[in-house]
Amino acid sequence: MNCVGHIHHGLWKHPRDNSVDYRKPGYWIALAQLLEKGLFDAVFLADIVGVYDVLGDGIDVTAREAVQLPVNDPAYVVPLMAQATQHLGFGVTANLTYEHPYLFARRFATLDHLSGGRVGWNIVTGYLDSAARGVGLKQQIDHDDRYDRGDDFMDAFYKLLEGGWEDDAVVNDRVRGIYADPAKIHRIRHDGPFYKVDNVYNLTEPSPQRTPVLFQAGASKRGNAFAGRHAECVFTGGQDRPALAKMVAAIRGEAVEAGRERDDVKVFSYLTVVVDSNERAARDKYDEYLAYASPEGALAHFVSGAGVDLDRFGLDEEITDEKLEALYPGRLRRVGEARGGGFAPGTTRRKLLDARRFGSQQAPIVGTPSQVADEIARIVAETDLDGFNLTRTVAPECYRDFIELVIPELQGRGLYKTAYEEGTLREKLFGAGRARLPGNHHGAQFRHGHQRSGHR
Ligand SMILES: Cc1cc2nc3c(=O)[nH]c(=O)nc-3n(C[C@H](O)[C@H](O)[C@H](O)COP(=O)(O)O)c2cc1C
């Protein structure tokens, strides 16, 4: 994330951490080159457009611990990293709720051009009331309505990028003096329930992928249905493996419902790793990291999504559904750790802080390279996940450790590639010849003259 503190809050204070350099181009260039050395598919850039201002009804903890504040725009660092690498992909999070498809399509097409077809868009709909207030709304648009708007946004987005310019619209003939053939550039009309694009030409010529690789991050039923229709990669959370397995199956099921194949969607989850050459060293490293972690920062992060100020509870006071309902009528659905809302009986603020002692809800795998590889293999076997999104702890040390210690171990077991494939990000993920959205994807029907097929 283009910020100081992302998921494991407080670790920016570690003397070997360089996250405070996030404003400098060299930070991103070095990161990209390191990840490419490790054959990472992509660097995934999370983003928020609001502020975690709910805990204590302000930003005291958020500002002190740099809990995703300050946060810069993720898109602008992509060309820096693209210029310094050849193969690394870029998953850029952007919240569509506060965008319009017409200009947004141009921004992502520009990134796809500048990266040579290596960009992905992580579609999110937001979860912060502060973001809504920032753009003049009283509060967030309701959860499922945000996804309804998202479906409409996507159709306009596909029309612009897939349907505007035919593949051979650009002639680039200096002798005849024709850059583009006007007969092959089509007007776009979109008259949806939420977005209108009226009789206008798309601004950009076709980029290598046209539509960026579509990522989606979300975990609700409505979110899964959205993913089934649109997402090619889904980033999902959760530590509970049976729940994760159910989630993966549900997402693949939604893809099939939408006329796609189960493996047309790649599903990733968080992974936090603290690794060293022997068990003792890994434990010591974890203990050393822990000394800098900010459980309070993690709580400030967590409660803003839920929209309830848990500072209104004593440290050892039980946080019950009744008390939450009295303080925040109608909010229970958004609160808590369980889907459907609420906390387990006996939950207190102290317990929530204890569970976040590494500055996050994410528990790490701590161990030797072979222990970490065992665990990764076990998670994949138990959940059917396709891959992982490695979280930042103490950076860039955490990436370097993973690359130098874990990746050779995974490669030795045949669990990790030994070279990049050629081509765009979509081809690297799904195979040669698949630079564009496949024919069975919802977005393909918006191509000029396209007949939708059941085939990829
Ligand atoms: C693993 C994961 C990562 C997410 N990353 C982001 C993010 O970077 N920015 C953002 O605004 N929302 C992010 N979200 C929030 C979702 O996009 C979504 O807005 C929120 O989870 C509510 O939708 P849901 O109920 O379908 O999960 C993330 C959600 C999950 C599960």
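As recorded by an unreviewed UniProt entry, the protein carries the name LLM class flavin-dependent oxidoreductase and is attributed to Pseudoduganella umbonata.

S.K.: Quick one: what's the story with the overall build of the protein, residue by residue and with numbers?
M.R.: For the protein, the count of helices and strands is 15 helices and 13 strands. Against the compact-globule benchmark of 23 Å for 456 residues, the protein has a radius of gyration of 22 Å, which places it among compact chains. By its C-alpha atoms, the protein is 75 × 55 × 40 Å across when sized along the principal axes. Counting contacts in the protein only where the partners sit at least 6 residues apart, residues at least 24 apart contribute 74% of the total. Carbon and sulfur atoms make up 49% of the accessible area of the protein, which totals about 19,900 Å².

S.K.: Break down the sheet that holds strand S13 (residues 387-390) for me, with residues and values.
M.R.: The strand order across the open sheet built from seven strands is S1-S2-S3-S8-S9-S10-S13, with neighbouring strands paired in parallel fashion. Strands at the two margins of the open sheet, each flanked by one partner only, are strand S1 (42-45) and S13. Strand-to-strand twist across the sheet, computed as the mean angle between neighbouring axes with direction ignored, equals 25°. Where strand S3 (residues 119-124) and strand S8 (residues 213-217) come together, four bridges link them in parallel fashion.

S.K.: Describe unusual backbone geometry, with residues and values.
M.R.: Comment: phi is negative for the bulk of residues other than glycine, and the bulk of peptide bonds are trans. Put simply, Leu69 and Pro70 share a cis peptide bond, and its omega is 0°. Here the residue pair Ala395 and Pro396 is connected by a cis peptide bond, since its omega of 5° sits within 30 degrees of zero. Backbone geometry places Asn199, a non-glycine residue, at a positive phi of 55°. Looking at the secondary structure, you find Asn199 in strand S7 (residues 196-201).

S.K.: Quick one: what's the story with the state of the cysteines, residue by residue and with numbers?
M.R.: Scanning all chains against the criterion turns up zero disulfides. Cysteine Cys398 shares no disulfide, and the gap to the nearest cysteine sulfur, in Cys3, comes to 13 Å. According to the relative accessible area criterion, Cys398 is buried, its value standing at 7%.

S.K.: Residue-level account of helix H4 (residues 101-114), with values.
M.R.: For H4, spanning 14 residues, the distance from its first C-alpha to its last is 20 Å, which sits close to the expected 20 Å at 1.5 Å a residue. Listed as buried for H4 are Pro101, Phe104, Ala105, Phe108, Ala109, Leu111 and Asp112. Down the axis of H4, the smallest arc covering the buried residues is 155°, so these residues share one side. On its buried face, H4 sits against helix H3 (77-83), strand S2 (89-95), S3 and helix H6 (143-163). Gly116 occupies a position one or two residues after H4 and carries a positive phi of about 65°.

S.K.: Describe the nonpolar core, and please don't skip the residues or the numbers.
M.R.: One recurring pattern in soluble globular proteins is that nonpolar side chains are buried together. Ranked by internal contacts, the top residues of the largest apolar core, which has 76 residues, are Phe40, Phe90, Trp121, Met154, Phe157 and Phe402. Tallying contributions element by element places H6 first for this core, with eight residues. What Phe90 contacts, discounting residues up to four positions off in sequence, is Ala42, Val43, Val78, Met81, Ala82, Thr85, Ser115, Arg118, Val119, Gly120 and Leu425. Val54, Val303, Ala306 and Phe313 belong to the second-largest nonpolar core, a separate cluster that totals 18 residues.

S.K.: Give a detailed account of the packing of aromatic side chains, specifying residues and quantitative values.
M.R.: What characterises a pair of aromatic rings is the spacing of the ring centres plus the angle enclosed by the ring planes. Considering all chains together, one arrives at 19 aromatic pairs under this definition. Here the aromatic rings of Phe153 and Phe157 are separated by 6.4 Å at their centres, their planes lie at 35°, and the arrangement is tilted. Of the two residues, Phe153 and Phe157 both sit in helix H6, four residues apart, roughly one turn of that helix. Among the aromatic side chains, those forming a connected cluster through ring pairs are Phe104, Phe108, Trp121, Phe153, Phe157 and Tyr195. Above the face of the Phe302 ring, Arg356 is positioned so that its terminal group lies 4.5 Å from the ring centre.

Rules and cut-offs
- Residues numbered from 1 in each chain as written.
- Predicted model: local features only at pLDDT ≥ 70, side-chain atom pairs only at ≥ 80, totals over all residues.
- Heavy atoms only, no water.
- Helix = DSSP H or I, 4+ residues; strand = E, 2+ residues; numbered from the N terminus.
- Rg over C-alpha atoms; globule rule 2.2 N^0.38 Å.
- Contact = heavy atoms within 4.5 Å.
- Areas by Shrake-Rupley, 256 points an atom, 1.4 Å probe, with all protein chains shown as cover.
- Pairing = 2+ DSSP bridges.
- Axes fitted to C-alpha atoms, helices over the stretch in contact; angles between N-to-C directions.
- Disulfide = S-S within 2.5 Å.
- Buried < 20%, exposed > 50% of the residue type's maximum accessible area, 1.4 Å probe, protein only.
- Expected span 1.5 Å × (residues − 1).
- Arc of directions from axis to C-beta.
- Core = buried A, V, L, I, M, F, W, Y, C linked by side-chain atoms within 4.5 Å.
- Phe/Tyr/Trp six-rings, centres within 6.5 Å; stacked < 30°, edge-to-face > 60°.
- Lys NZ or Arg CZ within 6 Å of the ring centre and 35° of its normal.

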